Amino acid sequence: MSAWEVVIGLETHAQLQTKSKIFSGASTAFGADPNRQACAVDIALPGVLPVLNREAVVCAIKFGLAIGAQIAPRSIFARKNYFYPDLPKGYQISQFELPVVSGGGLTIRVGAGETAQEKTVRLTRAHLEEDAGKSLHEDFHGRTGIDLNRAGTPLLEIVTEPDMRSSAEAVAYAKALHSLVTWIGICDGNMQEGSFRCDANVSVRKPGGPLGTRREIKNLNSFRFLQQAIDYEIQWQINEIEEGRKIQQATVLFDPDTGETRAMRSKEDAHDYRYFPDPDLLPLEIKPDWIAEVRSSLPELPQAMQQRFQADYGLSAYDAATLAATRASARFFEDTVAAAGKEQAKLCANWVMGELAARLNRDEKEIAASPVSAAQLAGMVRRIADGTLSSKLAKEVFEALWNGEGQDADAIIEARGLKQVSDASAIEPIIDTVLAANQKSVEEFRAGKEKAFNALVGQIMKATQGKANPQQVNELLRKKLGV
């Protein structure tokens, strides 16, 4: 057992996919010139009043339903008071004592392949709030510029219990959460644009002991940085304690260039922000019929889809989880199965998770932009299933489809003469020729060396340019050798 136990909780800010901001009509579109999308409400001109965006509330309800949480019939917006140059009001409108979503959980898979372990991470709450602006430190001749385009952008802050015990678990949770919020359409998940960013609360303790002092790593906008930052912070805290120093509660930043965390400020507690109910906003009331309306609009959720894939298609838990990682990959798989036939579901899954996924990764493409469509892949799968293509020839056909060298598998097979040879009368003479030319391998096989058999198969496949049916070659060869 390790001398130290790691305790991790995550706070994630998911930018909600609304066209306008949470308390104003200003646009949330990304990429505008600085301060072009900051209206009078966002910059806190005297006399302006916030008006809650209904669609942001719908997003929060969707999330609460998706994680099995409680949707508060009545929640309250509060002012979180602090001074920062990109916060023109001097406070952020958030929720404190009565959040819109409470409880719930998210099941994660930790580890690779069939040995991955499932774990449920409990969620404490999810609350609505507005984003602040952004300080720009580059190209200002030593000065700082303020861009208020993000001010007022709607966020759902999602807070976990301290249930994670390693950086691997934290990353698995972050990926599962990212998949869920994009799946139900409340967040575009674009981490580079700041639409999905995580804060990690990290502490260490002796196993079974009281919780240690936590440090919060802010604004991690990639899964790789999340893992690196947590791993560094864990080791740093252990070293500090073992050298006799105490951990001070603090907010820290991660520097990707050095791979280190560094303290930014001492960590604030709730009382430091002087929360109080915002007098300009009425309590948010959510009636049961509104919840029912939102529930009816939810798509099939990832976990339900995984269970259906196992039940309907006979897939393993790992295959089902991999295919249902995103709605796009799940849709591609099901479209492929629909065209190839349900009896070929496992073969379709193998190709989607194998060759297709590898090529998409290599070419840095999303599955929605795959050069090989679901219908084209299904056509190729059908030819593997009926014996027209061997696995090796199928890869050649897939390559041609990927490069746009044919409309479908049948056209490529015809043009290139790739049809698998399954006629015994055509294969047997080739086997006889190979045996006659490789008497040494024949003798070695009969002496008990299985590798010699594989060498003979290789020679036969080479002689047929890979077109012979491998299974039939094996059967006929063993028959010829008297096995």
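Notes on the structure in this doc start here. Just so it is clear, the structure is predicted and the values come from calculations on it, not from any experiment. (Residues numbered from 1 in each chain as written. Predicted model: local features only at pLDDT ≥ 70, side-chain atom pairs only at ≥ 80, totals over all residues. Heavy atoms only, no water.)

### Section: the overall build of the protein chain
For clarity, the threshold we go by: The way it works is that DSSP assigns letters per residue, a run of H or I at least four long becomes a helix, a run of E at least two long becomes a strand, and they are numbered from the N terminus. All radius of gyration figures rest on C-alpha atoms, and the globule criterion is 2.2 Å times the number of residues raised to 0.38. Exposure categories follow from relative accessible area, calculated using a 1.4 Å probe and restricted to protein chains: below 20% of the type maximum is buried, above 50% is exposed, and the middle band is partly exposed. Should any heavy atoms of two residues lie within 4.5 Å, those residues are counted as being in contact. Using a 1.4 Å probe, accessible areas were evaluated by the Shrake-Rupley method; residue-level cover was limited to the displayed protein chains. Neither His nor the chain ends contribute to the count of charged residues, in which Lys and Arg are positive and Asp and Glu negative. Lysine's charge is taken at NZ, arginine's at CZ, aspartate's at CG and glutamate's at CD.
The helix and strand inventory of the protein chain stands at 15 helices and 17 strands. The C-alpha atoms of the protein chain give a radius of gyration of 29 Å, which is well past the 23 Å a tight globule of 483 residues would have. Along the first, second and third principal axes, the C-alpha set of the protein chain runs to 95 × 55 × 50 Å. For the protein chain, buried positions account for 48% of its 483 residues. Residue pairs in contact within the protein chain that sit at least 24 positions apart in sequence constitute 68% of those at least 6 positions apart. Roughly 24,000 Å² of accessible area belongs to the protein chain as shown, and the carbon and sulfur atoms make up 50% of that amount. Counting 56 positive and 63 negative side-chain charges, the protein chain places the centres of these two groups 2 Å from one another.

### Some words on the pattern of salt bridges
Stated formally: Salt bridges are counted wherever a side-chain nitrogen of Lys or Arg sits within 4 Å of a carboxyl oxygen of Asp or Glu.
Summed over the entire model, instances satisfying the criterion amount to 24 salt bridges. With its nearest N and O atoms 3.5 Å apart, the salt bridge here joins Arg-165 to Glu-5. Of this pair, Arg-165 sits in the loop between strand S11 (154–160) and helix H2 (167–183) while Glu-5 sits in strand S1 (residues 5–15), and the two are 160 residues apart along the sequence. Residue Arg-165 is classed as partly exposed on the basis of its relative accessible area, which comes to 29%. On the basis of relative accessible area, Glu-5 is assigned to the partly exposed category, the value being 22%. If you follow the salt bridges from partner to partner, you end up with Glu-5, Arg-165 and Arg-205 in one network.

### Quick look at H2
Just so we agree on the cut-off: An expected span of 1.5 Å times one less than the residue number is assigned to each helix.
With 17 residues, H2 should cover 24 Å at 1.5 Å per step; its first-to-last C-alpha distance of 24 Å lies within 8% of that length. The buried count for H2 comes to 13 of 17 residues, which makes it a mostly enclosed element.

### Section: the packing of helix H7 (residues 327–340) against helix H8 (residues 345–362)
For any two helices packed against each other, one specifies the crossing angle of their axes together with the interaxial distance. Where we set the bar: Throughout, an axis means a line fitted to C-alpha atoms (over the contacting stretch in the case of helices), and angles, computed between N-to-C directions, take values from 0 to 180 degrees. Convention used here: angles under 35 degrees read as roughly parallel, angles over 145 as roughly antiparallel, angles from 65 to 115 as roughly perpendicular, and any remaining angle as oblique. In this scheme the handedness of a crossing depends on how the near helix is turned from the far one: anticlockwise by less than a right angle means left-handed, clockwise means right-handed. Residues are grouped as follows: Ala, Val, Leu, Ile, Met, Phe, Trp, Tyr, Cys and Pro are nonpolar; Asp, Glu, Lys and Arg are charged; every other residue, Gly included, is polar.
One can describe the packing of H7 onto H8 by two numbers: an axis separation of 9 Å at closest approach and a directional angle of 135°. Classified by the interaxial angle, the pair formed by H7 and H8 is oblique. The crossing of H7 and H8 is right-handed. For the pair H7 and H8, the contacting residues are Phe-332, Phe-333, Thr-336, Val-337 and Ala-340 in the first and Ala-345, Cys-348, Ala-349, Val-352 and Leu-356 in the second. Counted by class, the contact of H7 with H8 contains nine nonpolar, one polar and no charged residues.

### What to know about the sheet that holds strand S5 (residues 91–94)
To keep things clear, this is the line we draw: Here, a strand pair is defined by DSSP locating no fewer than two bridges between the strands.
The strand order S5-S4-S16 describes an open sheet built from three strands, whose pairing is antiparallel. With one partner strand each, in any of the chains shown, S5 and strand S16 (276–277) form the two edges of the open sheet. Where strand S4 (residues 78–81) meets S5, four bridges bridge the pair, whose relative direction is antiparallel. Paired with Asn-81 across the strands is Tyr-91, a residue of S5.

### A short note on unusual backbone geometry
Although it is not a glycine, Ala-44 sits at a positive phi angle of roughly 65°. With respect to the helices and strands, the residue Ala-44 is situated in the loop between S1 and helix H1 (54–66).

### Focus on the environment of Tyr-84
By the secondary structure assignment, Tyr-84 is in the loop between S4 and S5. In sequence terms Tyr-84 and Arg-265 are 181 residues apart; their C-alpha atoms lie 13 Å from each other.

### As for the nonpolar core
Condition: As used in this record, nonpolar core signifies buried Ala, Val, Leu, Ile, Met, Phe, Trp, Tyr and Cys residues forming a set joined through side-chain atoms within 4.5 Å.
Counting 111 residues, the largest nonpolar core has Phe-63, Leu-128, Ile-158, Tyr-173, Phe-309, Phe-333 and Met-380 as the members making the most contacts within it. When sequence neighbours within four positions are dropped, the list of residues in contact with Ile-158 reads Leu-10, Glu-11, Thr-12, Ala-14, Phe-63, Leu-123, Arg-125, Ala-126, Tyr-173, Leu-177 and Val-181. Listed in part, the 15 residues of the second largest apolar core include Ile-431, Leu-435, Val-442 and Leu-476.

### As for the packing of H8 against helix H9 (residues 374–385)
Contact geometry for H8 and H9: axes closest at 10 Å, N-to-C directions at 125°. By the criterion of interaxial angle, the relationship of H8 to H9 is oblique. Here the hand of the crossing between H8 and H9 comes out right-handed. On H9, the residues that touch Leu-347, Cys-348, Trp-351 and Val-352 of H8 are Leu-377, Met-380, Val-381, Ile-384 and Ala-385.

### Some details on the environment of Ile-76
For Ile-76, the position within the fold is in the loop between strand S3 (74–75) and S4. For the pair Ile-76 and Phe-453, spaced 377 residues apart in sequence, the C-alpha separation works out to 75 Å. Residues in contact with Ile-76, not counting those within four places in the same chain, are Ser-94, Gln-95, Phe-96, Leu-98, Pro-277 and Pro-283.

### With respect to the state of the cysteines
To keep things clear, this is the line we draw: Sulfur atoms of two cysteines make up a disulfide when they are within 2.5 Å.
Per the counting criterion, the structure on display carries zero disulfides. Distance from the sulfur of Cys-187, which forms no disulfide, to the nearest cysteine sulfur (Cys-59) is 9.2 Å.

### Points about the packing of aromatic side chains
To be explicit about the condition: Note on aromatic contacts: the rings of Phe and Tyr and the six-membered ring of Trp form a pair at centre separations within 6.5 Å, being stacked when their planes are under 30 degrees apart, edge-to-face when over 60 apart, and tilted otherwise.
Within this structure, the stated rule accounts for ten aromatic pairs. Plain terms: the ring middles of Phe-225 and Phe-254 are 6.0 Å apart, the flat faces sit at 50° to each other, and that makes the pair tilted. Of this pair, Phe-225 sits in helix H3 (residues 223–242) while Phe-254 sits in strand S14 (residues 250–255), and the two are 29 residues apart along the sequence. Residue classification places Phe-254 among the buried residues on the basis of a relative accessible area of 11%.

### Quick look at H7
The following threshold applies: Picture the helix axis, draw a direction to every C-beta atom, and the arc is the one those directions span.
For H7, which comprises 14 residues, the first-to-last C-alpha distance of 20 Å matches the rise-based estimate of 20 Å (1.5 Å per residue) to within 8%. Taken together, the buried positions of H7 are occupied by Ser-329, Ala-330, Phe-332, Phe-333, Thr-336, Val-337 and Ala-340. Along the long axis of H7, the arc covered by the buried residues comes to 160°, so they all point the same way. Against H2, helix H5 (302–313), helix H6 (317–323), H8 and H9 lie the buried residues of H7. Trailing H7 by a residue or two, Gly-341 shows a phi angle of about 110°, which is positive.

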